[in-house]
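# Descriptive structure summary
Given next are the chains, with one letter for each unit.
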Amino acid sequence: MATGRTHRPATRSRGIPEATVARLPLYLRALTALSERSVPTVSSEELAAAAGVNSAKLRKDFSYLGSYGTRGVGYDVEYLVYQISRELGLTQDWPVVIVGIGNLGAALANYGGFASRGFRVAALIDADPAMAGKPVAGMPVQHTDDLETIIDENGVSIGVIATPAGAAQQVCDRLVAAGVTSILNFAPTVLTVPDGVDVRKVDLSIELQILAFHEQRKAGEEAAGEPGAVLRAAKESGKGPDGDVPAVMPA
């Protein structure tokens with residue numbers, strides 16, 4: 001089986017937009033669920049709803065793959081699973097190292113979805129000498145002193161950083177120097193990398209803050225819709241409902 005160092009997906013060379021590439025995993029997840037239920041075909045509307053996009057966007061995305069479906073029948077589920085998996089580079093083995101085996105790193109190591117999606121956790125690495133040799137998810141943790149050797153021996157091109165923010169850039173630099181060209185960053189900091197290295201950042205606190213914004217906006221909209229809310233706001237501002245005339249005229 002090929003390793004991640006020997007082949008890279010051809011999405012960019014084929015001119016597939018980055019926005020389309022970002023949606024392909026959503027389609028693949030929905031299609032995999034259909035395949036597990038032995039559903040043979042699916043319409044663009046059904047698949048778009050399952051993936052959370054509109055059907056016109058889905059059809060446009062699939063046109064970049066050369067898939068147009070069959071009128072009145074839809075898309076062949078198994079073929080689309082293969083086609084998207086191939087486009088994403090998931091028909092081969094991608095060895096991955098996880099650096100930083102704290103609570104988050106250990107949770108990632110125990111995630112069972114890597115193997116089923118074409119990724120093999122080749123090594124778990126941590127800077128704490130006390131962690132060396134300890135089993136996590138059935139694998140012994142290795143020390144960061146051996147990082148370069150581990151990457152070379154396993155042909156690793158994808159690294160996952162789950163370290164504290166202060167250590168992330170140094171770890172990133174060592175990964176890149178050792179030959180890693182794609183990094184998934186869970187550390188709460190922005191990494192600087194040279195051209196040719198791809199970084200995807202996952203910041204849970206930012207996602208929660210965005211959700212908090214939407215919750216606050218929804219709460220404000222609900223309050224504004226309550227009976228008398230407009231008049232109360234007008235009294236507080238000293239203006240009438242139309243914003244021009246004082247709510248209470250002087251005697």
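The preceding data block contains the structure.
About the criteria used
Residues numbered from 1 in each chain as written. Predicted model: local features only at pLDDT ≥ 70, side-chain atom pairs only at ≥ 80, totals over all residues. Heavy atoms only, no water. Helix = DSSP H or I, 4+ residues; strand = E, 2+ residues; numbered from the N terminus. Buried < 20%, exposed > 50% of the residue type's maximum accessible area, 1.4 Å probe, protein only. Contact = heavy atoms within 4.5 Å. Areas by Shrake-Rupley, 256 points an atom, 1.4 Å probe, with all protein chains shown as cover. Core = buried A, V, L, I, M, F, W, Y, C linked by side-chain atoms within 4.5 Å. Salt bridge = Lys/Arg side-chain N within 4 Å of Asp/Glu carboxyl O. Pairing = 2+ DSSP bridges. Phe/Tyr/Trp six-rings, centres within 6.5 Å; stacked < 30°, edge-to-face > 60°.

### What about the overall build of the protein chain?
- Counting its secondary structure elements, the protein chain contains ten helices and nine strands.
- By the burial criterion, 37% of the 251 residues in the protein chain qualify as buried.
- Long-range pairs, those at least 24 residues apart, make up 56% of the contacts in the protein chain with a sequence separation of at least 6.
- Carbon together with sulfur atoms contributes 56% to the accessible area of the protein chain, which is approximately 14,700 Å² in total.

### Quick look at the nonpolar core
- Among the nonpolar cores identified, the biggest contains 23 residues, and Tyr27, Leu31, Val42, Leu47, Leu58, Phe62 and Ile84 are the most heavily contacted of them.
- Only helix H1 (18-36), helix H2 (44-51), helix H3 (55-65) and helix H4 (77-87) provide two or more residues apiece to this core.
- At seven residues, the largest contribution of residues to this core is made by H1.
- The next biggest cluster of nonpolar side chains, apart from the first, holds 20 residues, and it includes Ala168, Val171, Val176 and Ile183.

### Details of the pattern of salt bridges
- This structure, assessed with the given rule, holds six salt bridges.
- Close ionic contact of Asp93 with Arg120 constitutes a salt bridge, the shortest N to O distance being 3.1 Å. A residue pair is termed long-range when its members are at least 10 positions apart, and Asp93 in the loop between H4 and strand S3 (94-99) and Arg120 in strand S4 (residues 119-126) qualify at 27 residues.
- Using a relative accessible area of 13% as the deciding quantity, one classes Asp93 as buried.
- By relative accessible area, which is 34% here, Arg120 ends up partly exposed.
- Among the ionic pairs, Glu148 bridges to Arg174, the shortest N-O distance being 2.8 Å. Of the two residues, Glu148 sits in helix H7 (residues 147-154) while Arg174 sits in helix H8 (residues 165-178), which places them 26 residues apart along the sequence.
- Residue classification places Glu148 among the partly exposed positions, given a relative accessible area of 32%.
- Residue classification places Arg174 among the partly exposed positions, given a relative accessible area of 24%.

### As for the pairing of S3
- Of all six residues that make up S3, six are buried, and the element is covered over most of its length.
- Because side chains alternate across S3, one face comprises the buried residues Trp94, Val96 and Ile98, and the other comprises Pro95, Val97 and Val99, equally buried.
- Where S3 meets S4, six bridges bridge the pair, whose relative direction is parallel. Residue Trp94 lies in a different strand from S4, and its bridge partner there is Phe119.
- Pairing between S3 and strand S7 (residues 158-161): four bridges, direction parallel. Along S7, the bridge assignment pairs Val96 with Ile158.

### Some details on the packing of aromatic side chains
- With the rule as written, the count across this model stands at three aromatic pairs.
- Taking 5.0 Å as the distance between ring centres and 75° as the angle between the ring planes, the aromatic pair formed by Tyr27 and Phe62 counts as edge-to-face. Taken together, the positions of Tyr27 in helix H1 and Phe62 in helix H3 put the pair 35 residues apart, joining distant regions of the chain.
- Residue class for Tyr27 comes out buried when judged on its relative accessible area of 0%.
- For Phe62, a relative accessible area of 0% gives the class buried.
- Look at Phe62 and Tyr75: their rings are 5.1 Å apart centre to centre, the planes differ by 85°, and that puts the pair in the edge-to-face class. Residue Phe62 is located in helix H3, and its partner Tyr75 is located in strand S2 (residues 75-76); the two are separated by 13 residues in the primary sequence.
- The buried category is assigned to Tyr75, whose relative accessible area is 5%.
- An aromatic cluster is present here, built from Tyr27, Phe62 and Tyr75 joined pairwise through their rings.

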